[in-house]
Amino acid sequence: MIYCFYMGACLILVILQTTIFPYLPLLDRCYDLLIPFIIYLGFFRSIREGLFLVLFLGFIMDNLSGSPFGLYLTSYCWLFIGIKWATTFVQVGNRLLQSLVVASGVLLQNLIFIGALTFVGPNLKLPTEAGSTVVIQILWAFATGPVFLVFFRYIQRRLDDLMKEIVSGRTNFSLSSRR
Amino acid sequence: MFSKKMVLIVGVIVLITVNIIVLSATTKSYPDFGFGHLALSFVAPFQEFVTRCIRFARGIWEDYFFLVSVSQENQHLKKSLNHVIQKNNQWQETELANLRLRSLLNFQKAITNRVLAAEVIGKDPSAWFKTIIIDKGKADGLKRWLPAVVAQGIAGQIIGTSNHYSKVMLIIDRNSAVDALVQRSRARGIIKGTLADQCRFEYVLQKHDVRIGDIVVASGFDGVYPKGLRIGWVSDVIKRDAEIFQEITVTPYVDFEKLEEVLIVLNPQQHEFASQQ
């Protein structure tokens, strides 16, 4: 059930940023919406659960994008590693901190992408709109990042409650049938 | 022998090095891993569904709610049509003259390329790469490196296909390169993407005559794009004394923001040089 939620959430985010956002004036240079999801996994889920999804999402995005294969995988993996390391000393519940973390995640991904474009790509020159793109994405991430984190956590809790109810319902049913 | 911290640092350095090597290997070419089409097949049907829903809703809005402006537009279009009819008569005359001259000079008749229309159902999730996803794939006869064009000019080329969907790299992507010619002076160079709405026309020698407004067309030497297809117009030319090549900016004719359909050329007419290789 929880993996169905993860898949559904990822699919909605991918479709939002590939079919709807590019045609909207203010959102055409929005940040990668999967970054808050990766951060959520890093903050609130176990390494085993998170790593599987990080690899899966990296693979999907690498194949959907025109980027060199492995670029999304790289950025998601390093982001996940960074978040896991940060949880050792960062207070997860603070909203301002969450904004900063999402904005830092967007910055990290952009740095990896720009690095790949310029240092290992065919052209050493930086894209002309690189600065403005990065700034716009960071501002978007700072403003909307925590909303995604809160939403993911809320859905997660509801699902956990639902699962507990189902499990307790089954246990009660099996006990009463034994009697 | 080694402390835990030391091992961690060495591990991270090794990981970064391996990462950079792998990325530099995949950046220089687009390796086809075979299983890449699975991701495309998984996500593209949903993209197609959402895109069709949006277009349907937009169609209703534009067809029924914008009728007020349609009347004014109709008047304007009627005027334009009269003007175009006159122009068309002139062009028909020119075309007939062109045909006569071609036969006189024993030129080979231009082969009409076989094309397949495809709808754009998704765009690249990243702002750093310019690709689109179209609703035709291997089952429709598409394969990698086939050119995608529209009426205005060249749009890009296919870089990945699944059974029913394909990924097209646009000419404004930084990894794109098109062998091109200036139509007027025949100056040759390479059109490269810049991620913005403009392209750079590289490797054009200082001695060649290139002016603002010149039309740039595909040369056909790259073996991908058919010769003579329009790419864009020269919007800026900078000549520096110390350099061998000119700095030329080309504005593509295609509006990539509004790209909704493309035509895939299934039998691109390749230049002799390219086909011999």
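Visitor: Help me understand the sheet that holds strand β11 (residues 247–252) of chain B in this model?
Guide: Hydrogen bonds between backbone groups are what pair the strands of a sheet, and the pairing can be parallel or antiparallel. Taken in spatial order, the six strands line up as β6-β7-β8-β11-β10-β9 (chain B) and close into a barrel, and their pairing is antiparallel. Geometrically, the sheet is characterised by an average inter-axis angle of 40 degrees between neighbouring strands, direction not taken into account.

Visitor: What am I meant to see in the packing of helix α1 (residues 2–20) of chain A against helix α3 (residues 47–64) of chain A here?
Guide: Between two packed helices, what matters for the description is the angle formed by their axes and the separation of those axes. Residues and elements named next belong to chain A. Interhelical geometry of α1 versus α3 gives an angle of 30 degrees and a closest axis separation of 12 Å. With respect to their mutual orientation, α1 and α3 come out roughly parallel. You can see that α1 and α3 cross each other, and the crossing is right-handed. Listed contacts from α3 to Tyr3, Tyr6, Met7, Cys10, Val14 and Gln17 of α1 are Glu49, Phe52, Leu53, Phe56, Leu57, Met61 and Leu64.

Visitor: Looking at this structure, how should I read the packing of aromatic side chains?
Guide: Two aromatic rings are characterised by how far apart their centres lie and by the angle between their planes. Residues and elements named next belong to chain B. One pass over the structure, following the stated rule, counts 20 aromatic pairs over all chains. Pairing tyrosine 203 with phenylalanine 245 gives two aromatic rings, centres 5.5 Å apart and planes at 90 degrees, and the pair type is edge-to-face. Here tyrosine 203, found in the loop between β8 (199–202) and β9 (215–218), pairs with phenylalanine 245, found in the loop between β10 (230–238) and β11; they are 42 residues apart in sequence, far enough to count as distant. A residue is classified by how much of its surface remains accessible, and tyrosine 203, at 43% relative accessible area, is partly exposed. Judged by its relative accessible area of 33%, phenylalanine 245 falls in the partly exposed class. The residue whose ring lies beneath arginine 188 is phenylalanine 221, and the NZ or CZ to ring-centre distance is 4.2 Å. Taking the ring centre of tyrosine 253 as reference, the NZ or CZ of arginine 230 above it sits at 3.9 Å.

Visitor: Whenever I open this one, the interface of chain A and chain B confuses me. Can you help?
Guide: When the parts come together, some accessible area is lost, and that loss is often what is quoted as the size of the interface. Tallying the contact residues gives 45 residues for chain A and 45 residues for chain B. Summed over both partners, the interface of chain A with chain B buries about 4,000 Å², with 68% contributed by carbon and sulfur atoms. Connecting chain A to chain B are zero salt bridges. Applying the counting rule to chain A against chain B returns 11 residue pairs in polar contact (both at pLDDT 80 or more). For the side of chain A that touches chain B, the secondary structure elements donating two or more residues are α1, α3, α4 (71–86), α5 (95–118) and α6 (130–178) of chain A.

Visitor: What exactly am I supposed to notice about the side chain of threonine 131 of chain B here?
Guide: Secondary-structure assignment places threonine 131 of chain B in strand β2 (residues 131–134). Residue class for threonine 131 of chain B comes out buried when judged on its relative accessible area of 3%. Among the polar contacts made by the side chain of threonine 131 of chain B, one reaches the main-chain amide nitrogen of glycine 66 of chain A at a distance of 3.4 Å. Within the structure, the side chain of threonine 131 of chain B is placed 2.5 Å from the side chain of aspartate 124 of chain B, a separation counted as a polar contact.

Visitor: Whenever I open this one, the pattern of salt bridges confuses me. Can you help?
Guide: It is possible for side chains of opposite charge to pair when their charged atoms get near one another. Residue and element names in this part refer to chain B. One pass over the full model with this rule turns up 16 salt bridges over all chains. The salt bridge partner of aspartate 214 is arginine 184, with a shortest N-O separation of 2.8 Å. With aspartate 214 in the loop between β8 and β9 and arginine 184 in the loop between β6 (177–182) and β7 (188–193), the pair connects residues that are 30 residues apart, well separated along the chain. On the basis of relative accessibility, which here comes to 7%, the residue aspartate 214 falls in the buried class. Classification of arginine 184 as partly exposed rests on a relative accessible area of 40%. A salt bridge links glutamate 202 to lysine 192; its shortest N-O distance comes to 3.5 Å. On the criterion of sequence distance, the pair formed by glutamate 202 in strand β8 and lysine 192 in strand β7 is long-range, its members being 10 residues apart.

Visitor: Quick question: what am I supposed to make of the layout of surface pockets here?
Guide: Gaps between atoms show up when a probe of the same size as a water molecule is rolled over them. By volume, the second largest pocket is sized at about 580 Å³. Residue lining of the second largest pocket: 32 residues in total, with Asp28 and Arg29 of chain A together with Ala127, Lys130 and Glu257 of chain B positioned closest to the centre. Elements represented by at least two residues in the lining of the second largest pocket include exactly α6 of chain A together with β2 of chain B. Here the lining of the second largest pocket is composed, by residue class, of 17 nonpolar, six polar and nine charged.

Visitor: Honestly, the sheet that holds strand β1 (residues 115–123) of chain B in this entry has me stumped. Any pointers?
Guide: Residue and element names in this part refer to chain B. One closed barrel accounts for six strands, arranged β1-β2-β5-β4-β3-β12; its pairing is antiparallel. Here the strands of the sheet are splayed against their neighbours by 45 degrees on average, with no regard to which way each runs. In the sheet, strand β3 (residues 147–150) pairs with strand β12 (residues 261–265) via two bridges, with the strands oriented antiparallel. By the bridge assignment, valine 149 is partnered in β12 with leucine 263.

Visitor: Where do I start with unusual backbone geometry in this structure?
Guide: Note: most peptide bonds trans; most residues except glycine with negative phi. All names here are of chain B. Phi is positive for arginine 186, close to 65 degrees, though the residue is something other than glycine. One can find arginine 186 in the loop between β6 and β7. A residue is classified by how much of its surface remains accessible, and arginine 186, at 44% relative accessible area, is partly exposed. Backbone geometry places tyrosine 203, a non-glycine residue, at a positive phi of 60 degrees.

Visitor: Can you walk me through the nonpolar core in this structure?
Guide: Within soluble globular proteins, side chains that are nonpolar tend to cluster in buried spots. In terms of nonpolar packing, the biggest core is built from 64 residues, with Phe37 and Ile39 of chain A together with Trp128 of chain B touching the most fellow members. Among the elements of the structure, α1, α2 (34–44), α3, α4, α5 and α6 of chain A together with α2 (36–65) of chain B are those that each provide at least two residues to this core. At nine residues, α1 of chain A tops the list of elements feeding residues into this core. Core analysis: the second largest hydrophobic core is formed by 40 residues, Leu142, Ala148, Ala218 and Leu259 of chain B among them.

Reading the values: the criteria
Residues numbered from 1 in each chain as written. Chains lettered and ligands numbered in written order. Predicted model: local features only at pLDDT ≥ 70, side-chain atom pairs only at ≥ 80, totals over all residues. Heavy atoms only, no water. Pairing = 2+ DSSP bridges. Helix = DSSP H or I, 4+ residues; strand = E, 2+ residues; numbered from the N terminus. Axes fitted to C-alpha atoms, helices over the stretch in contact; angles between N-to-C directions. Parallel < 35°, antiparallel > 145°, perpendicular 65-115°, else oblique. Left-handed = near helix turned anticlockwise from the far one by under 90°. Contact = heavy atoms within 4.5 Å. Phe/Tyr/Trp six-rings, centres within 6.5 Å; stacked < 30°, edge-to-face > 60°. Buried < 20%, exposed > 50% of the residue type's maximum accessible area, 1.4 Å probe, protein only. Lys NZ or Arg CZ within 6 Å of the ring centre and 35° of its normal. Buried area = accessible area lost by both parts, 1.4 Å probe. Salt bridge = Lys/Arg side-chain N within 4 Å of Asp/Glu carboxyl O. Polar contact = N/O pair within 3.5 Å; in protein donor to acceptor, adjacent residues only side chain to side chain. 1 Å grid on protein atoms, 1.4 Å probe; cavity = no way out; pocket = protein on both sides within 12 Å on 5 of 7 lines; lining within 4 Å. Points joined across faces, edges and corners; volume = space filled by probe spheres on them. Nonpolar A, V, L, I, M, F, W, Y, C, P; charged D, E, K, R; others polar. Core = buried A, V, L, I, M, F, W, Y, C linked by side-chain atoms within 4.5 Å.

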